[in-house]
Amino acid sequence: GDCAEAAYILRPDSESAQHGCVIDSSTNYALMCEIDCGGTVGSLAIGYGDCCSAPSEKGWAKIYMPSYENDKIFAIGMGSGEETDDSSLF
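Residues numbered from 1 in each chain as written. Predicted model: local features only at pLDDT ≥ 70, side-chain atom pairs only at ≥ 80, totals over all residues. Heavy atoms only, no water.

Undergrad: I'd like to hear about the sheet that holds strand β5 (residues 45-47), residue by residue, with values.
TA: With antiparallel pairing, three strands are arranged side by side in an open sheet as β5-β6-β7. Among the strands making up the open sheet, the edge pair consists of β5 and β7 (72-78). Strand-to-strand twist in this sheet, taken as the mean axis angle between neighbours without regard to direction, amounts to 25°. Pairing of strand β6 (residues 61-67) with β7 involves seven bridges; the strand directions are antiparallel. When the sheet's bridge partners are listed, Ser67 is paired in β7 with Lys72. (Pairing = 2+ DSSP bridges. Helix = DSSP H or I, 4+ residues; strand = E, 2+ residues; numbered from the N terminus. Axes fitted to C-alpha atoms, helices over the stretch in contact; angles between N-to-C directions.)

Below you can see the structure in the form of C-alpha coordinates.
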(Lines give C-alpha, C1' and ligand atoms only; values in the text may rest on other atoms or scores of the structure.)
Protein backbone atom coordinates (compact mmCIF):
# COMPACT_ATOMS: atom_id res chain seq x y z
CA GLY A 1 0.00 0.00 0.00
CA ASP A 2 1.10 3.58 -0.56
CA CYS A 3 3.39 4.76 2.26
CA ALA A 4 2.38 1.76 4.38
CA GLU A 5 5.79 0.06 4.08
CA ALA A 6 3.93 -3.22 3.70
CA ALA A 7 2.54 -5.51 1.04
CA TYR A 8 -0.91 -7.03 1.16
CA ILE A 9 -1.90 -10.42 -0.21
CA LEU A 10 -5.59 -10.77 -0.91
CA ARG A 11 -7.70 -13.81 -1.76
CA PRO A 12 -11.04 -14.04 -3.52
CA ASP A 13 -13.90 -13.92 -1.05
CA SER A 14 -16.93 -15.99 -1.99
CA GLU A 15 -19.25 -13.85 0.12
CA SER A 16 -21.57 -12.24 -2.44
CA ALA A 17 -23.64 -9.99 -0.19
CA GLN A 18 -22.33 -7.30 2.10
CA HIS A 19 -24.37 -4.96 4.28
CA GLY A 20 -27.58 -5.98 2.51
CA CYS A 21 -26.23 -5.08 -0.95
CA VAL A 22 -25.58 -7.57 -3.72
CA ILE A 23 -22.13 -7.05 -5.18
CA ASP A 24 -20.20 -8.63 -8.02
CA SER A 25 -18.46 -11.56 -6.29
CA SER A 26 -15.56 -11.38 -8.76
CA THR A 27 -14.54 -8.06 -7.18
CA ASN A 28 -14.84 -9.19 -3.56
CA TYR A 29 -11.49 -9.91 -1.84
CA ALA A 30 -10.40 -10.55 1.75
CA LEU A 31 -7.02 -9.82 3.31
CA MET A 32 -5.01 -13.05 3.53
CA CYS A 33 -1.85 -11.55 5.05
CA GLU A 34 0.06 -8.31 5.51
CA ILE A 35 3.84 -8.34 5.12
CA ASP A 36 5.64 -5.49 6.91
CA CYS A 37 9.01 -4.78 5.29
CA GLY A 38 9.96 -1.37 6.70
CA GLY A 39 10.40 0.39 3.36
CA THR A 40 8.80 1.24 0.04
CA VAL A 41 7.43 -1.91 -1.55
CA GLY A 42 7.58 -2.51 -5.28
CA SER A 43 5.28 -4.73 -7.31
CA LEU A 44 5.09 -8.31 -6.17
CA ALA A 45 6.15 -11.08 -8.54
CA ILE A 46 5.04 -14.70 -8.24
CA GLY A 47 6.83 -17.80 -9.50
CA TYR A 48 6.77 -21.55 -8.98
CA GLY A 49 10.41 -22.41 -9.75
CA ASP A 50 13.33 -22.75 -7.38
CA CYS A 51 14.56 -19.53 -5.79
CA CYS A 52 18.20 -18.67 -6.58
CA SER A 53 18.95 -22.30 -7.51
CA ALA A 54 17.98 -23.45 -4.01
CA PRO A 55 15.65 -26.47 -4.05
CA SER A 56 12.19 -25.87 -2.67
CA GLU A 57 8.94 -27.70 -2.16
CA LYS A 58 7.13 -28.68 -5.36
CA GLY A 59 4.04 -26.68 -6.17
CA TRP A 60 4.69 -23.92 -3.67
CA ALA A 61 4.19 -20.36 -4.89
CA LYS A 62 7.15 -18.06 -4.30
CA ILE A 63 6.32 -14.39 -3.78
CA TYR A 64 9.13 -11.92 -4.47
CA MET A 65 8.75 -8.51 -2.84
CA PRO A 66 11.29 -5.69 -3.34
CA SER A 67 11.96 -3.31 -0.44
CA TYR A 68 13.75 -0.35 -1.95
CA GLU A 69 15.14 1.50 1.10
CA ASN A 70 16.40 -1.77 2.56
CA ASP A 71 18.05 -2.79 -0.74
CA LYS A 72 16.50 -6.25 -0.39
CA ILE A 73 14.14 -8.59 -2.18
CA PHE A 74 12.12 -10.76 0.16
CA ALA A 75 11.26 -14.27 -1.08
CA ILE A 76 8.31 -15.90 0.62
CA GLY A 77 7.10 -19.46 -0.04
CA MET A 78 3.42 -20.34 0.27
CA GLY A 79 2.15 -23.90 0.12
CA SER A 80 -1.14 -25.68 0.47
CA GLY A 81 -0.72 -26.30 4.19
CA GLU A 82 -1.19 -30.02 3.69
CA GLU A 83 1.23 -32.56 5.12
CA THR A 84 3.44 -34.41 2.62
CA ASP A 85 5.91 -37.23 2.99
CA ASP A 86 9.61 -36.35 2.73
CA SER A 87 10.07 -38.04 -0.67
CA SER A 88 7.72 -35.60 -2.44
CA LEU A 89 9.23 -32.37 -1.10
CA PHE A 90 11.84 -31.83 -3.81
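This is not the end of the story, as more comes after the structure.
Undergrad: Account for the side chain of Lys62, with residues named and values stated.
TA: Mapping Lys62 onto the fold places it in strand β6. Overall, Lys62 belongs to the buried group, its relative accessible area being 6%. A distance of 3.4 Å separates a polar side-chain atom of Lys62 from the backbone oxygen of Tyr48. At a separation of 3.0 Å, a polar atom in the side chain of Lys62 contacts the main-chain carbonyl oxygen of Trp60. (Buried < 20%, exposed > 50% of the residue type's maximum accessible area, 1.4 Å probe, protein only. Polar contact = N/O pair within 3.5 Å; in protein donor to acceptor, adjacent residues only side chain to side chain.)

Undergrad: For the nonpolar core, give the residues involved together with the corresponding values.
TA: Ala7, Ile9, Ile35, Cys37, Ile63 and Met65 together form the largest nonpolar core, which totals six residues. For this core, the elements supplying multiple residues, two or more each, are β1 (6-12) and β6. Those residues in contact with Ile35 that lie beyond four places of it in its chain are Glu5, Ala6, Ala7, Ile9, Met65 and Ile76. (Core = buried A, V, L, I, M, F, W, Y, C linked by side-chain atoms within 4.5 Å. Contact = heavy atoms within 4.5 Å.)

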